[in-house]
Amino acid sequence: MPPEELGVCDAHDHLFFGSPQLVGQELNDAAAARAELEAFRAAGGASVVQWTPYGLGRRAADLPVLSRAAGVRVVCATGLHQAAHYAPELLDELRGRLAAVFVAELTEGIGTSGVRAGLIKVAGGFHALDTHARWTMAAAAEAHHATDAPIAVHLELGTGALDVLDLLCGELEVPPHRVVLGHLNRSPDPVVQRQAARSGCWLAFDGPSRAHHATDWRMPDAVLSLVEAGFGHRLLLGGDTVVAGARSVDGGPGMPYLLRRVRPRLEAVLGTEPVRRILVDNPGRAFAVDWR
């Protein structure tokens with residue numbers, strides 16, 4: 001689809017997600033996923049980028065059905081999360097072929113679903129990159145070079161942004177405009193945020209905090225500061241709903257929160273048009289792919 005048709009976009013969220021780290025909190029209910037998409041559409045949303053990677057319950061075959069039923073476009077991910085989210089046996093089975101798995105899911109489809117991924121999701125660690133992160137990012141870079149797909153990075157509590165850029169864009173030669181750094185709101189360090197923005201990568205402010213953290217009330221000022229510094233064209237917004245209780249249909253903020261609360265709060269400090277560009281124009285450019 002043409003990037004300009006993406007519309008108002010939740011640039012980082014999850015319809016389905018399951019991990020040994022979140023037992024009993026899985027997002028695995030298709031009816032609830034449809035209701036969440038419909039609630040997002042009712043709030044003015046048009047598209048959702050699901051960052052759930054390989055092995056964490058993406059339910060790729062369900063996504064086209066849900067997308068059509070709710071009238072919301074959905075982008076699916078390949079990639080690999082932190083090692084803690086997987087059984088060691090699964091990681092051992094992927095040794096030596098991880099990049100090939102990513103490329104196949106981007107160009108041929110995920111399993112037998114026929115659904116192709118549109119981005120690669122990987123993850124860093126807390127203020128550092130361990131061996132697993134370096135392995136997965138090297139595979140992601142190889143897959144990017146083969147396909148042009150963007151690489152979206154989970155920054156643990158918002159940290160390690162510059163280490164990620166040094167590895168992906170320096171050592172592994174991924175163009176910065178093909179890298180999306182997630183969770184910048186969780187570590188509201190204006191110096192790091194500006195340094196990352198100067199590289200030309202995308203900065204995602206995605207999701208309310210799950211505790212009473214200063215990240216929520218500092219986020220509008222952080223976004224304003226970046227816009228005033230000339231980086232408004234590099235910003236993305238998302239909801240990052242990863243547990244069942246966080247869905248709006250289960251009493252949490254969910255996907256609609258992005259448009260129901262975050263959008264007007266940012267409009268109050270930025271104005272309507274800059275926020276529209278962040279929600280509409282920027283995701284269209286960030287996730288557009290010149291497929292190779």
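### Some details on the sheet that holds strand E2 (residues 47–50)
Consideration 1: If you trace the 3 strands from one edge of the open sheet to the other, you get E1-E2-E3, paired in parallel fashion. Pairing within the sheet leaves two strands with one partner each, and these edge strands are strand E1 (9–13) and strand E3 (73–75). Averaged over all pairs of adjacent strands, the angle between their axes in this sheet comes to 20°, without regard to strand direction.
Consideration 2: Sheet topology places E2 next to E3; 3 bridges connect them, and they run parallel. Counterpart to valine 49 in the pairing with E3 is valine 75.

### Some words on the environment of glutamine 25
Consideration 1: Following the sequence through the fold, glutamine 25 ends up in the loop between E1 and helix H1 (30–42).
Consideration 2: Look at glutamine 25 and you get partly exposed, because its relative accessible area is 35%.
Consideration 3: Expressed as a C-alpha distance, the spacing of glutamine 25 and valine 242, which sit 217 residues apart in the sequence, is 8.4 Å.
Consideration 4: With sequence-adjacent residues up to four places away left out, glutamine 25 is seen in contact with Val242, Val243 and Ala244.

### Examining the pairing of strand E8 (residues 202–206)
Consideration 1: Here E8 lies mainly inside the structure; 5 of its 5 residues are buried.
Consideration 2: What you see with E8 is no split at all: Trp202, Ala204 and Asp206 on one side and Leu203 and Phe205 on the other are buried throughout.
Consideration 3: Of the strand pairs in this sheet, strand E7 (residues 179–182) and E8 are connected by 2 bridges, and their pairing is parallel. Bridge pairing in E8 places leucine 181 opposite leucine 203.
Consideration 4: Traced from E7 through helix H7 (residues 190–198) to E8, the parallel crossover comes out right-handed.
Consideration 5: Sheet topology note: the E8/strand E9 (residues 235–238) ladder contains 4 bridges and is parallel. Considered in E9, the bridge of aspartate 206 is made with glycine 238.

### A short note on the sheet that holds E8
Consideration 1: If you trace the 6 strands from one edge of the open sheet to the other, you get E4-E5-E6-E7-E8-E9, paired in parallel fashion. Since the sheet does not close on itself, it has two edges, and those belong to strand E4 (77–79) and E9, each with one partner. Averaged over all pairs of adjacent strands, the angle between strand axes in this sheet comes to 30°, irrespective of strand direction.
Consideration 2: Of the strands in this sheet, strand E6 (151–154) and E7 are in contact with helix H6 (residues 161–171), which crosses E7 at around 160°.
Consideration 3: Those strands touched by helix H10 (residues 272–286) are E8 and E9, and its axis lies near 110° from that of E9.

Thresholds, definitions, all that
- Residues numbered from 1 in each chain as written.
- Predicted model: local features only at pLDDT ≥ 70, side-chain atom pairs only at ≥ 80, totals over all residues.
- Heavy atoms only, no water.
- Pairing = 2+ DSSP bridges.
- Helix = DSSP H or I, 4+ residues; strand = E, 2+ residues; numbered from the N terminus.
- Axes fitted to C-alpha atoms, helices over the stretch in contact; angles between N-to-C directions.
- Buried < 20%, exposed > 50% of the residue type's maximum accessible area, 1.4 Å probe, protein only.
- Contact = heavy atoms within 4.5 Å.
- Right-handed = clockwise from strand over helix to strand, strands pointing away.

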